[in-house]
Amino acid sequence: MTMRPAHRRRFLILALTLGCAACALQETTPVKPAPDDGAPQGTLRERPSGPAYANPQLALGEEGQVYLLWHAVERGKSVDALFARSEDRGAIWSEPPISLKPVKATGGGGRQIAAAPNGNVYVLWREVDPKTKNPQILFARSQDHGGHWDEPPRVVSASDDVGIPTLLADHDGGVFVGSLAGPRSHRALEVVSSHDFGATFPSTPSRLTAAFPTSHYGITNHRFASDGKGHLYAVWEEIRAVLDHRIYLNRSLDQGKTWGPQPILVSTPEGAERLASTPQILAGPTGQVYVAWEQIEFRPYNP
């Protein structure tokens, strides 16, 4: 049988490839030991020195600024909230980072950061008062893109049952702080609102309660949204029963001072066994409100 030139070339290439592979299999490559001879680098009992960093939070300014907040913990010594900024969209960052906590050994959690027009940056966190031993929510403000901060941070909420806070800032000077309070079996949502870019907060918060007094734990997993025109929206989860989790929404027409008398059910209607959880919310400038959540549906199953 006569082999065509093209087929002959393919056969030669295949033969050369197989031949080279066979040669490579016959050759032995020396194994280089690891630089440490395979010895373990340490034991589980050893800990690196210095603080551990966690929970980074980001916010964007209107002129290319990027703001970064994170948690710094040094075991047995300090708990701190550190801040850094970039004025060129993240290419170069300020050094060293700024410490925002006046008392660094009282614990802390729930750090939040938000940016607003005119160079305002806000930071919020929860910590334990070293004198009363009760948790409190502290608020810090910068009016020059994070270069300098008001001192000391202000207490915007304090009680023996205050929970992890949430922070929201809009473009109209509004700053909104929400936190769960009350017995852990039936939590309510407390809201304090500033209408002058965080300069002042009311001493008495507005209060939202669960849609049903029998809901387990009351309000959980709350979120806020603002349209920048005085309308503030709150969405949350309620657990009516083991297989009955619902999402509710309420609104304020006066920047969080007062709320509607009855929240709106936005998840599954009555009579269905569904698990709705983890709501998120956005508000548009012309009346649009968007709510999304996770939901597990129970359906018949055929093996």
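Calculation notes
Residues numbered from 1 in each chain as written. Predicted model: local features only at pLDDT ≥ 70, side-chain atom pairs only at ≥ 80, totals over all residues. Heavy atoms only, no water. Helix = DSSP H or I, 4+ residues; strand = E, 2+ residues; numbered from the N terminus. Buried < 20%, exposed > 50% of the residue type's maximum accessible area, 1.4 Å probe, protein only. Contact = heavy atoms within 4.5 Å. Polar contact = N/O pair within 3.5 Å; in protein donor to acceptor, adjacent residues only side chain to side chain. Pairing = 2+ DSSP bridges. Axes fitted to C-alpha atoms, helices over the stretch in contact; angles between N-to-C directions. pLDDT = per-residue confidence, 0-100. Core = buried A, V, L, I, M, F, W, Y, C linked by side-chain atoms within 4.5 Å.

1. Remarks on the environment of Q295
So, point 1. One can find Q295 in strand β18 (residues 289-297).
So, point 2. By relative accessible area, Q295 is classed as partly exposed at 29%.
So, point 3. Along the sequence, Q295 and T278 sit 17 residues apart, while their C-alpha atoms lie 8.8 Å from each other.
So, point 4. When near neighbours in sequence (up to four residues on either side) are disregarded, Q295 contacts S267, T268, R274, L275 and A276.
So, point 5. Within the structure, Q295 has its side chain in polar contact with the side chain of W293 (distance 2.9 Å).

2. Some remarks on the sheet that holds strand β4 (residues 98-99)
So, point 1. Taken together, the four strands give an open sheet; going across it, the order is β1-β2-β3-β4, and neighbouring strands pair in antiparallel fashion. The open sheet is flanked by β1 (52-60) and β4, the only strands paired with a single partner.
So, point 2. As judged from the seven bridges shared by β1 and strand β2 (residues 66-74), these two strands associate in the antiparallel manner. The residue bridging A54 from the neighbouring strand is H71, located in β2.

3. Points about the sheet that holds strand β7 (residues 135-142)
So, point 1. Across the sheet, which stays open at both edges, the four strands sit in the order β5-β6-β7-β8 with antiparallel pairing between neighbours. The sheet terminates laterally at β5 (109-115) and β8 (154-158), the two strands that pair on one side only. With direction set aside, neighbouring strand axes in the sheet form an average angle of 20 degrees.
So, point 2. Where β5 lies against strand β6 (residues 121-128), five bridges are found, and the strand directions are antiparallel. When the sheet's bridge partners are listed, Q112 is paired in β6 with L124.

4. Topic: the confidence of the model for the protein chain
So, point 1. Per-residue confidence for the protein chain averages 84 on the pLDDT scale, and 82% of its residues sit at or above 70.
So, point 2. Residue range residues 1-27 is modelled with pLDDT below 50. Its contacts to residues more than four positions away, or to other chains, number two contacts.

5. A word on the nonpolar core
So, point 1. Core analysis: the largest hydrophobic core is formed by 15 residues, its most contacted members being L189, L208, I219, F224, L232, A234 and W259.
So, point 2. If you list the elements that add at least two residues to this core, you get β10 (175-181), β11 (186-194), β13 (216-226) and β14 (232-241).
So, point 3. Per-element tally for this core: the top contributor is β14, with three residues.
So, point 4. For F224, the residues in contact, after removing those within four places along its chain, are T166, L168, V177, G178, L189, V191, L232, Y233, A234, W259 and I281.
So, point 5. Listed in part, the 14 residues of the second largest apolar core include L124, A169, V175 and F201.

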